[in-house]
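One-letter residues, chain by chain:
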Amino acid sequence: MNIIFLEDEVELSAIGVEQLRKLGHTVHPALNLADARELVDENWQTIHLIIADHRLPDGAGIDYLMEVKERYPRIKLAVVSGCLTPVDEEMLDEAGIPYFTKPLLYRQVIQKLRQHYMMHTRPPVPPRATMPPSPLPAAHKSIGAPPPQVPKPPPVKEENVLAGASVEVENPPKKRGLTSVIFSKLTGKND
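What counts, and where the lines are drawn
Residues numbered from 1 in each chain as written. Predicted model: local features only at pLDDT ≥ 70, side-chain atom pairs only at ≥ 80, totals over all residues. Heavy atoms only, no water. Axes fitted to C-alpha atoms, helices over the stretch in contact; angles between N-to-C directions. Helix = DSSP H or I, 4+ residues; strand = E, 2+ residues; numbered from the N terminus. Parallel < 35°, antiparallel > 145°, perpendicular 65-115°, else oblique. Left-handed = near helix turned anticlockwise from the far one by under 90°. Contact = heavy atoms within 4.5 Å. Nonpolar A, V, L, I, M, F, W, Y, C, P; charged D, E, K, R; others polar. Salt bridge = Lys/Arg side-chain N within 4 Å of Asp/Glu carboxyl O. Buried < 20%, exposed > 50% of the residue type's maximum accessible area, 1.4 Å probe, protein only. pLDDT = per-residue confidence, 0-100. Pairing = 2+ DSSP bridges. Core = buried A, V, L, I, M, F, W, Y, C linked by side-chain atoms within 4.5 Å. Arc of directions from axis to C-beta. Polar contact = N/O pair within 3.5 Å; in protein donor to acceptor, adjacent residues only side chain to side chain.

Things to note about the packing of helix α2 (residues 33–43) against helix α3 (residues 61–71)
Link 1 in the chain: Contact geometry for α2 and α3: axes closest at 12 Å, N-to-C directions at 15°. Between α2 and α3, the interaxial angle falls into the category roughly parallel. Every pair of crossing elements has a handedness; the one defined by α2 and α3 is right-handed. Facing L33, A36, R37, V40 and D41 of α2, the residues of α3 in contact are Y64, E67 and R71.
Link 2 in the chain: Across the contact of α2 with α3, the residue classes break down as four nonpolar, no polar and four charged.

Structural data, given as structure tokens:
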């Protein structure tokens with residue numbers, strides 16, 4: 001799993017990163033919100049989880065996670081802090097973001113996150129490809145001329161690492177019902 005670990009205390013960051021890497025995860029440490037924003041904005045397609053402290057030198061971790069939840073809904077989120085207030089906890093509960101109190105072992109955090117996200121959310125939906133429309137060449141703008149054939153983008157492998165499954169999808173994904181998906185799996189035919 002690709003994890004961004006947002007912790008401003010250098011020693012705690014090193015300990016958390018080491019514990020998560022020993023569990024086999026790829027961990028990208030961030031010491032402040034600016035570093036985390038840069039990591040997420042550049043790598044949002046491959047980030048599975050953000051674990052954030054709440055009180056950071058350049059803002060509140062909870063506020064940042066709310067932004068991420070809005071912009072990148074497929075990224076899983078968690079807060080690890082020693083200073084959450086009842087108001088913070090209520091806000092996290094309402095948003096469905098799990099939280100943990102320091103000190104702790106990150107092995108336990110990952111186990112609880114697997115349980116939380118498998119029971120409380122659907123598998124992540126792959127992001128739709130956002131490709132700007134290409135202008136048609138002048139020769140194809142005339143009436144009766146067929147439009148040029150645009151190649152389909154290659155399939156993207158999307159991993160649901162928290163549930164341990166991986167599926168291949170087309171960009172942009174076709175909306176298909178469950179019956180259609182099961183039929184295509186059983187017959188090997190796509191509608």
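Points about the pattern of salt bridges
Link 1 in the chain: Under the defined criterion, the tally for this structure stands at five salt bridges.
Link 2 in the chain: Across the salt bridge formed by E18 and K22, the nearest N and O atoms sit 3.2 Å from each other. Of the two residues, E18 and K22 both sit in helix α1 (residues 10–22), four residues apart, roughly one turn of that helix.
Link 3 in the chain: A residue is classified by how much of its surface remains accessible, and E18, at 44% relative accessible area, is partly exposed.
Link 4 in the chain: The class of K22 is exposed, set by a relative accessible area of 67%.
Link 5 in the chain: Between E67 and R37 there is a salt bridge; the shortest N-O distance is 3.1 Å. Pair noted here: E67 is in helix α3 and R37 is in helix α2, with a separation of 30 residues, a long-range link.
Link 6 in the chain: By relative accessible area, R37 is classed as partly exposed at 31%.
Link 7 in the chain: Because the salt bridges share partners, they merge into one network encompassing E7, D53 and K102.

As for the confidence of the model for the protein
Link 1 in the chain: Within the protein, residue pLDDT values average 77, and 62% of them lie at 70 or more.
Link 2 in the chain: Every residue in residues 134–142 scores below 50 in pLDDT, and together they form eight contacts with partners more than four places removed in sequence or on other chains.
Link 3 in the chain: Every residue in residues 163–172 is under pLDDT 50, and counting partners more than four places away or in other chains gives 21 contacts.

Describing the sheet that holds strand β6 (residues 76–81)
Link 1 in the chain: A sheet is described by the order of its strands in space; here five strands give the open sequence β2-β1-β3-β6-β7, paired in parallel fashion. Of all the strands in the sheet, the pair left with one neighbour each is β2 (26–30) and β7 (99–101). The mean inter-strand angle of the sheet, taken between neighbouring strand axes irrespective of direction, is 20°.
Link 2 in the chain: Strands in contact with α3 are β1 (2–6), β3 (49–52) and β6; relative to β6, the strand with the most contacts, it is inclined by about 175°.

A word on the environment of V109
Link 1 in the chain: Looking at the element boundaries, V109 is found in helix α5 (residues 106–120).
Link 2 in the chain: Take V109: its relative accessible area is 1%, and that puts it in the buried class.
Link 3 in the chain: Here the alpha-carbon distance between V109 and V80, two residues 29 residues apart in the chain, equals 8.9 Å.
Link 4 in the chain: Dropping the residues within four chain positions of it, V109 is found in contact with I51, F100 and L104.

Some remarks on the nonpolar core
Link 1 in the chain: Counting 38 residues, the largest nonpolar core has I50 and I51 as the members making the most contacts within it.
Link 2 in the chain: Per-element accounting of this core gives the leading share, five residues, to α5.
Link 3 in the chain: Beyond its immediate stretch of four places on either side in the chain, I50 contacts I4, V40, L65, V68, I75, K76, L77 and A78.

Side note on α2
Link 1 in the chain: Turning to α2, its buried residues are L33, A36 and V40. Angular distribution of buried residues about the axis of α2 spans 60°; they occupy a single face of the element.
Link 2 in the chain: Buried residues in α2 make contact with β1, β2, β3, β4 (55–56), β5 (59–60) and α3.
Link 3 in the chain: In this structure N32 caps α2, since a side-chain oxygen of it lies 3.2 Å from the backbone nitrogen of A34.

A short note on the packing of α3 against helix α4 (residues 86–95)
Link 1 in the chain: For the pair α3 and α4, interaxial distance at closest approach is 11 Å and the crossing angle is 10°. Between α3 and α4, the angle is such that the two are roughly parallel. The handedness of the crossing between α3 and α4 is left-handed. Contact residues: I62, M66 and K69 in α3; D88, M91, L92 and A95 in α4.
Link 2 in the chain: Here the residues of the contact of α3 with α4 sort into five nonpolar, no polar and two charged.

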